[in-house]
Amino acid sequence: MLNPLRPPRKPLIRVLLAGLLDLAIVGSESTLSLAVQDATGSSRLGGLAAWLLAVPFVVWLAPKVSYRRRDAVLAPWVLLIVAWRITSLPYRDWPPRDDEVPRAKYIRATEFGTSWKPEYTGLWRLPKTNDVEATAGAA
């Protein structure tokens, strides 16, 4: 039986959280870009500095939301998608990647027994690494 930690976030809350995350990263990028551009006089160096600031965050967060690290490095707009997906964790409203399928659990209404909770139905959950090891040891 599924033991939900909390109900999924409402769309408005997700929009606000994703916006704050994007604003924090993009605002920092812009500030650094302008500082480097003022110091060097090169807009290309300013853009490179901004990109180098955002990449570690996106590379760190990308695997948590079914993106590969290299996708995050090659596509700067992935930051927006990563921020949106991060706000829904631990529930996922996107299908897992092929390598995540063995660990993924699709939530159905029948898993709640008599207390049917429609807000969970149709979402995915991936157990944490510790949860996987605990269930493997119990089997």
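Residues numbered from 1 in each chain as written. Predicted model: local features only at pLDDT ≥ 70, side-chain atom pairs only at ≥ 80, totals over all residues. Heavy atoms only, no water.

Chemist: Honestly, the overall build of the protein chain in this entry has me stumped. Any pointers?
Modeler: When you go through the protein chain residue by residue, the secondary structure sums to five helices and three strands. Along the protein chain, helices (α) and strands (β) appear in the sequence α-α-α-α-β-β-β-α when read from the amino end. A total of 139 residues make up the protein chain; the buried ones form 31% of that total. Sequence separation of 24 or more characterises 57% of the internal contacts of the protein chain that already satisfy a separation of 6 or more. (Helix = DSSP H or I, 4+ residues; strand = E, 2+ residues; numbered from the N terminus. Buried < 20%, exposed > 50% of the residue type's maximum accessible area, 1.4 Å probe, protein only. Contact = heavy atoms within 4.5 Å.)

Chemist: Help me out: how do you make sense of the side chain of glutamate 29 in this one?
Modeler: For glutamate 29, the location among the structural elements is in helix 1 (residues 11-40). One buried charge, glutamate 29, has no salt-bridge partner; the nearest side chain with opposite charge is arginine 69, at 17 Å. (Lys, Arg positive; Asp, Glu negative; His and termini not counted. Salt bridge = Lys/Arg side-chain N within 4 Å of Asp/Glu carboxyl O.)

Chemist: I tried to follow the confidence of the model for the protein chain on my own but got confused; where do I start?
Modeler: Detailed reading of predicted coordinates is not advised where the pLDDT is low. Per-residue confidence for the protein chain gives a mean pLDDT of 76, with 75% of residues at or over 70. Mean pLDDT in the protein chain bottoms out at helix 5 (residues 129-138), which sits at 44, and peaks at helix 1, which reaches 89. Every residue in residues 130-139 scores below 50 in pLDDT, and together they form two contacts with partners more than four places removed in sequence or on other chains. (pLDDT = per-residue confidence, 0-100.)

Chemist: Explain the sheet that holds strand 1 (residues 91-92) here, please?
Modeler: Pairing in this open sheet of three strands is antiparallel, and the strands run 1-3-2 from one edge to the other. Both edges of this open sheet fall to strand 1 and strand 2 (105-106), since each of them pairs with a single strand only. In terms of strand pairing, strand 1 meets strand 3 (residues 124-125) through two bridges, oriented antiparallel. Each residue of the ladder has a partner; that of arginine 92, found in strand 3, is tryptophan 124. (Pairing = 2+ DSSP bridges.)

Chemist: I keep staring at the packing of helix 1 against helix 2 (residues 43-61) and nothing clicks. Help me out?
Modeler: The description of two helices packed together rests on the angle between their axes and the distance between the axes. Where helix 1 meets helix 2, the axes come as close as 7 Å, and the angle between the chain directions of the two elements is 150 degrees. With respect to each other, helix 1 and helix 2 are oriented roughly antiparallel. Crossing handedness for the pair helix 1 and helix 2: right-handed. Within the contact between the two elements, helix 1 uses Leu21, Ile25, Ser28, Glu29, Leu32, Ser33, Val36, Gln37 and Thr40 and helix 2 uses Ser43, Leu45, Gly46, Gly47, Ala49, Ala50, Leu53, Ala54, Phe57 and Leu61. Among the residues forming the contact of helix 1 with helix 2, the class breakdown is 11 nonpolar, seven polar and one charged. (Axes fitted to C-alpha atoms, helices over the stretch in contact; angles between N-to-C directions. Parallel < 35°, antiparallel > 145°, perpendicular 65-115°, else oblique. Left-handed = near helix turned anticlockwise from the far one by under 90°. Nonpolar A, V, L, I, M, F, W, Y, C, P; charged D, E, K, R; others polar.)

Chemist: Looking at this structure, how should I read unusual backbone geometry?
Modeler: In this model, leucine 89 is joined to proline 90 through a cis peptide bond whose omega is 10 degrees. Here proline 90 is to be found in the loop between helix 4 (78-86) and strand 1. Within the chain, serine 66 stands out as a residue other than glycine whose phi angle is a positive 65 degrees. Within the secondary structure layout, serine 66 lies in the loop between helix 2 and helix 3 (69-74).

Chemist: Looking at this structure, I do not really get the side chain of serine 88. What am I missing?
Modeler: Along the chain, the position of serine 88 falls in the loop between helix 4 and strand 1. Within the structure, serine 88 has its side chain in polar contact with the backbone oxygen of arginine 85 (distance 3.0 Å). (Polar contact = N/O pair within 3.5 Å; in protein donor to acceptor, adjacent residues only side chain to side chain.)

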